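Descriptive structure summary
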Amino acid sequence: ITHVLKVDGGVSALDISPDGAQIAVGLGDGSVRVLARVGGVERWRVYAGGGVAKDVAFSPDGAEVLTGGADGDGGRYATAAGALRVIPSLAVRRVGWLPSGVSYFAPYTPELVLVYPEGGQRVARPLALPARVGDIAAWPDGRGAVLVDQEDQLWQLALDGPAPELTPLGAVPETRGVTGSKDTIWVAYGASVDRLDGAGQRTGTIPLSVSAVNVVAVSPDQRLLAIGLLNGEVTLWSTDDLTLLAT
């Protein structure tokens, strides 16, 4: 039984497709590779731009992958058929989607850029934040997001009210990444991943034998957790009992 998906190069970004059948892996060479969840066979790939692929996210229907590169040339919407659209003039740090089809970018400024599909076009609208985003992940219901800022502060961002509302959850020093929902948050550190409740209290830990955790992602149904390591390995875990799963 295999418990590890292996790619060439350090894993810099991860996402799991809505149906759980594919894993998108961003690498240090700027490529994003879409792998089969079972067996790890590469389905297709796209380049996020020069440098490291900073982030990657599947669209709600799984047909597109949104990427952000380290060179600041914009976010890229790509499909397996080779279609590619670029939102230029954004130095992109993090990307993602809401279930409604609205996508977002976290640039290197204290704001979140929401991108709405309107009339066959994508229209960008910025939302000011108190600090730059370090990492961010949308709640599965699309009503908000969990984020950690560049000052290592953890927040819940509610987007379902008349105005966006930020709730502080405390400090998470030296975190490598964050993902989850309104009720369950996953915080990655160098050699472990913590599970927190919606108030920021720890409810479990996945310890790892190497200090090489670089990125973490959870499936839309919140049942599958992917952990990406600097050595190019991706491990998959059950979120229920925190056990390692076969791939």
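All values derive from a computational prediction rather than experimental measurement.

A word on the environment of R176. Looking at where R176 falls in the secondary structure, it is placed in the loop between β17 (165-171) and β18 (177-180). When the C-alpha positions of R176 and G142 are compared, they lie 23 Å apart, and in sequence the two are 34 residues distant. What R176 contacts, discounting residues up to four positions off in sequence, is A188, Y189, G190, A212, V213, N214 and L230. Polar contacts involving the side chain of R176 include one to the main-chain carbonyl oxygen of V213, which spans 2.5 Å.

The next point concerns the packing of aromatic side chains. In total, this model carries zero aromatic pairs according to the counting rule given. We note R125 situated over the ring of Y116; from NZ or CZ to the ring centre the distance is 4.8 Å.

With that out of the way, let us pick up the sheet that holds strand β16 (residues 153-158). One open sheet accounts for four strands, arranged β14-β15-β16-β17; its pairing is antiparallel. One side of each edge strand has no neighbouring strand; the edge strands of this open sheet are β14 (133-138) and β17. Pairwise comparison of adjacent strand axes, ignoring direction, gives a mean angle of 20° for this sheet.

This part takes up the nonpolar core. Y104, L112 and I136 are the most contacted members of the largest nonpolar core, which totals 15 residues. Contributing elements (two or more residues each) for this core: β11 (103-107), β12 (111-118), β14, β15 (144-149) and β16. Setting aside its immediate chain neighbours within four residues, L112 contacts Y104, F105, A106, R125, P126, L127, L129, I136 and L157. Counting 14 residues, the second largest nonpolar core, distinct from the first, contains L14, L27, L224 and A226.

It is worth spelling out the pairing of strand β19 (residues 184-188) at this point. Of all five residues in β19, four are buried; the element is thus mostly enclosed. Where β18 lies against β19, four bridges are found, and the strand directions are antiparallel. Directly across from T179, in β19, lies its bridge partner W186. Hairpin connection from β18 to β19: three residues lie between these consecutive antiparallel strands. Relative to strand β20 (residues 192-197), β19 is paired through five bridges, and the arrangement is antiparallel. When the sheet's bridge partners are listed, V187 is paired in β20 with D194. Here β19 folds back onto β20, and the loop between the two strands holds three residues.

Attention now goes to the environment of R33. Its place among the elements puts R33 in strand β4 (residues 31-36). Counting along the chain gives 119 residues from R33 to D152, while the straight-line C-alpha distance between them is 29 Å. In contact with R33, not counting residues within four places along its chain, are D8, I23, A24, V25, L27, E42, W44 and R45. Within polar-contact distance, the side chain of R33 engages the side chain of S31 at 3.4 Å.

Looking at where D160 falls in the secondary structure, it is placed in the loop between β16 and β17. Distance from D160 to R143, taken between C-alpha atoms, is 5.1 Å for residues 17 residues apart in sequence. Polar side-chain contacts of D160 include one of 2.7 Å to the side chain of R143.

Calculation criteria
- Position numbers for residues count from 1 along each chain, tracking the sequence in the order it is written.
- Given that this is a predicted model, residues contribute local features only at a pLDDT of at least 70 and side-chain atom pairs are listed and counted only at 80 or more, while totals for whole chains, interfaces and linings are drawn from all residues.
- In computing side-chain values, all of the structure's heavy atoms are included and hydrogens and water are not.
- Helix numbering and strand numbering both begin at the N terminus, where a helix is a DSSP run of H or I of at least 4 residues and a strand a DSSP run of E of at least 2.
- The contact rule is simple, with two residues in contact once any of their heavy atoms fall within 4.5 Å.
- Identification of polar contacts relies on pairs of N or O atoms within 3.5 Å, with a donor-acceptor requirement for protein atoms, meaning one able to donate a hydrogen and the other able to accept it, and with residues adjacent in sequence counted only if both atoms are side-chain atoms.
- Centres within 6.5 Å make a pair out of two Phe, Tyr or Trp rings, where for Trp the six-membered ring is used; the pair is then stacked when the planes are under 30 degrees apart, edge-to-face when over 60, and tilted otherwise.
- Two limits define a charge over a ring: the Lys NZ or Arg CZ must be within 6 Å of the ring centre, and within 35 degrees of the ring normal.
- DSSP bridges decide pairing: two strands pair if at least two such bridges lie between them.
- For helices, the axis comes from a line fit to the C-alpha atoms of the stretch in contact; other axes are also lines fit to C-alpha atoms, and the angle between any two N-to-C directions lies between 0 and 180 degrees.
- Only buried Ala, Val, Leu, Ile, Met, Phe, Trp, Tyr and Cys residues count toward a nonpolar core, and they belong to the same one when joined by side-chain atoms within 4.5 Å.
- The buried label applies to any residue whose accessible area, calculated with a 1.4 Å probe on protein chains only, is under 20% of its type's maximum; exposed applies above 50%, and partly exposed to all values in between.

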